[in-house]
Amino acid sequence: MVMSFQFPAYFTAIFIITRVMSIMKISKPLDVHHKDIRAVDLATKLSVDPSAIESASRDFGGIVKAEPEAVLHPSAPQDIAALIKFSYSNSVPFGIAAKGHGHSVRGQAMAENGVVVDMRSMANNRRNGTGIRISIDRLYADVGGEQLWIDVLNATLEYGLAPVSWTDYLYLTVGGTLSNAGISGQTFRYGPQISNVLEMDVITGKADFLTCSPRMNSELFYAVLGGLGQFGIITRARIPLQPAPKGVKWVRLLYDDFSSFAKDQELLISKNGRKDKSALDYLEGSLLMDQGSPDNWRSSFFPHKDHPRIISLITKHGIIYCLEIVKHYDDRTKHTVDKEMKQVLQGLNYMPGFMFGKDVGYEEFLNRVRSGELKLKSQGLWDVPHPWLNLFIPKSQISDFNNGVFRGIVLERNITTGPVLVYPMNRQKWDDRMSAVIPDEEIFYTVGFLHSSGFDTWEAFEDQNKDIMRFCNKTGILVKQYLPHYSTKEEWVHHFGSKWKVFQHRKYQFDPRMLLSPGQRIFNNN
Ligand code: FAD
């Protein structure tokens, strides 16, 4: 079959792919005479435009920069499969990274000298993209890997439905969070987002386009969930849905004492049955530390009139612990939810007079971080370096962590001003067959230092992060990084621990030429 191209498009295609191939030193020449249709088609979607390269070289972290040779703007999963096939079958393969929304902080979605796949191009091209399709009868949504969770929320709410497990911030892609875990205040009860996937379509590093689930290609299914993009590119995920609540009762409680705070958190997450009506719907915790406003970009919550007394508490104690809980309600339960919340609060040991409540719509609650983002953007403070550190810590060592890190390193250094999250979750809600790595204990905490810094001050935060990791190593705190980043193979082997052999085996099985997500620097860190 001979394809007829309009001259300029055909010429541009040949030019781009030839250029990409020569830059990458790809040996197989493009067979123009035989009209290698797929390759030419692919070339029309590859860009070497400086602005596309620049944008693919950066991420939310603003610390790492790595330039790809080209950016693929796929309009359908077949374009991604063609690109992977092209690299896989070449004598000198090149790295390929799916970039969701680029909200990694350490270059995880970059591909130095390779090709970045701009997944969001498929969202822009709804005709060919996988989009969001909802099955009302069977209570699930088929969602393209390129879709943002905010769009999933809006689409499902139109039918009065919603997924059950979220991240705090919704402008992240489905493929991006499923490659990590996707955690938030619902995790203690429903598990992370990776525990809430029924099946997926995945293009492996061998360009096989497979549907996988716990019953079909299950090894691939479990590999990809929490798999840091190492085994395949997720083009569709089937997410279970439930009837969406109407609104939420949202409460924050302040503590000056860590052990009461942790004890109350652990008590509250012990009620965690999916169908248990008395269980909370959301639980998180954070530190209040800086002397400025008790609010931060993640949410503004406390009434202005209470700011002075909260600030004076912080000044007195150095750190105040804030427990945050939510109970959903719908038309049926809106008259009883206050009573239920009262029952939840009974017997908790927060500081008398330091309970604050709000009643907001469900969507407003889930999308609570957005207004802070827009405010920071308007002040030019969103696109700054983010030297974040996210950790999982076993329950038995969280008190040592509080003493040594929060009350030690963090207070001594006195540079932390942004959000610091600390809340527990239940291991039983995770599935150990998946690639995500968590501590061994039944209850473990997540701690997130979500620093924003100046362009010339991020190294001070990085030093603090290193200090924290050194402290944990020295004192034997069995910490695991969430959204991990390491620079040596030994560190990765240590991170995965008993899961390393399986992780490595799966890599050989699904991506033997080590093409995918090279920015994670797990198999290409030399
Ligand atoms: P990217 O950064 O684009 O990609 C991340 C990794 O996944 C890369 O290795 C990439 O190659 C790979 N990847 C991307 N798409 C695919 C795909 N379709 N198939 C296979 N691999 C793919 N995380 C939480 O768990 N909970 C939170 O509450 C939370 N809040 C956040 C708030 C903010 C403001 C930010 C910036 C991040 C937050 N994160 C949170 C972290 C976030 O979940 C991860 O950084 C996630 O990877 C970002 O999604 P993304 O779409 O930007 O992915």
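Residues numbered from 1 in each chain as written. Predicted model: local features only at pLDDT ≥ 70, side-chain atom pairs only at ≥ 80, totals over all residues. Heavy atoms only, no water.

A. The arrangement of the pattern of salt bridges in detail. For the coordinates displayed, the defined rule picks out 30 salt bridges. Lys334 is paired through a salt bridge with Asp331; the nearest N and O atoms lie 3.9 Å apart. For Lys334, a relative accessible area of 39% translates into the label partly exposed. When its relative accessible area of 46% is taken as the criterion, Asp331 is described as partly exposed. Residues participating in the shared-partner salt-bridge network are Asp142, Glu199, Asp201, Arg236 and Arg238. (Salt bridge = Lys/Arg side-chain N within 4 Å of Asp/Glu carboxyl O. Buried < 20%, exposed > 50% of the residue type's maximum accessible area, 1.4 Å probe, protein only.)

B. The site of the ligand, seen in detail. In the region of the ligand, 34 residues are neighbours, and Ala98, Gly100, Ser104, Thr173 and Tyr482 sit closest. Side-chain polar atom of Ser179 to a nitrogen atom of the ligand: 3.1 Å apart, as the coordinates give it. Between Gln520 and the ligand, the recorded distance is 3.0 Å, taken from a side-chain N or O atom to an oxygen atom. Burial of the ligand by the surrounding chains reaches 96%, relative to a free accessible area of 960 Å². Residue assignment for the shell around the ligand shows that the elements contributing at least two residues are β3 (96–99), α7 (174–178) and β10 (232–240). (Near = heavy atom within 4 Å. Polar contact = N/O pair within 3.5 Å; in protein donor to acceptor, adjacent residues only side chain to side chain. Areas by Shrake-Rupley, 256 points an atom, 1.4 Å probe, with all protein chains shown as cover. Helix = DSSP H or I, 4+ residues; strand = E, 2+ residues; numbered from the N terminus.)

C. Layout of the packing of helix α15 (residues 398–413) against helix α16 (residues 458–475). In contact at an axis separation of 11 Å, α15 and α16 are set at 155° when each is read in the N-to-C sense. One way to sum up the angle between α15 and α16 is to call them roughly antiparallel. As α15 runs across α16, the sense of the crossing is right-handed. When α15 is examined against α16, the residues Asp400, Phe401, Gly404, Val405, Ile409, Val410 and Arg413 are found in contact with a partner set consisting of Ala460, Asp463, Gln464, Asp467, Ile468, Phe471 and Cys472. The residue makeup of the contact of α15 with α16, split by class, is eight nonpolar, two polar and four charged. (Axes fitted to C-alpha atoms, helices over the stretch in contact; angles between N-to-C directions. Parallel < 35°, antiparallel > 145°, perpendicular 65-115°, else oblique. Left-handed = near helix turned anticlockwise from the far one by under 90°. Contact = heavy atoms within 4.5 Å. Nonpolar A, V, L, I, M, F, W, Y, C, P; charged D, E, K, R; others polar.)

D. Layout of unusual backbone geometry. Backbone geometry places Leu139, a non-glycine residue, at a positive phi of 55°. Looking at the element boundaries, Leu139 is found in the loop between β5 (132–135) and β6 (140–144). In this structure, Leu483 takes a positive phi of about 50° despite not being glycine. Position of Leu483 relative to the elements: it lies in the loop between β19 (480–482) and α17 (489–496). Overall, Leu483 belongs to the partly exposed group, its relative accessible area being 26%.

E. Expanded view of the domain arrangement of the chain. Segmenting the chain into domains produces domain 1 (124–244) and domain 2 (247–481). Using only C-alpha atoms to locate each centre, domain 1 and domain 2 end up separated by 25 Å. The partner domain 2 presents 39 residues to the 34 residues of domain 1 that form the contact. Buried area between domain 1 and domain 2, summed over both chains or domains, comes out near 2,800 Å², and the portion from carbon and sulfur atoms is 56%. (Domains from an automatic or database assignment. Buried area = accessible area lost by both parts, 1.4 Å probe.)

F. Highlighting the nonpolar core. Core analysis: the biggest nonpolar cluster contains 127 residues, and Met200, Leu254, Ile325, Phe401, Phe406, Trp430 and Phe449 have the highest contact counts within it. Two domains each provide a minimum of three residues to this core, namely domain 1 (124–244) and domain 2 (247–481). With sequence-adjacent residues up to four places away left out, Ile325 is seen in contact with Lys249, Trp250, Val251, Leu268, Leu280, Tyr282, Leu283, Met341, Val344 and Leu345. Formed by 22 residues, the second largest nonpolar core is a distinct cluster that contains Ala70, Phe86, Phe94 and Ile96. (Core = buried A, V, L, I, M, F, W, Y, C linked by side-chain atoms within 4.5 Å.)

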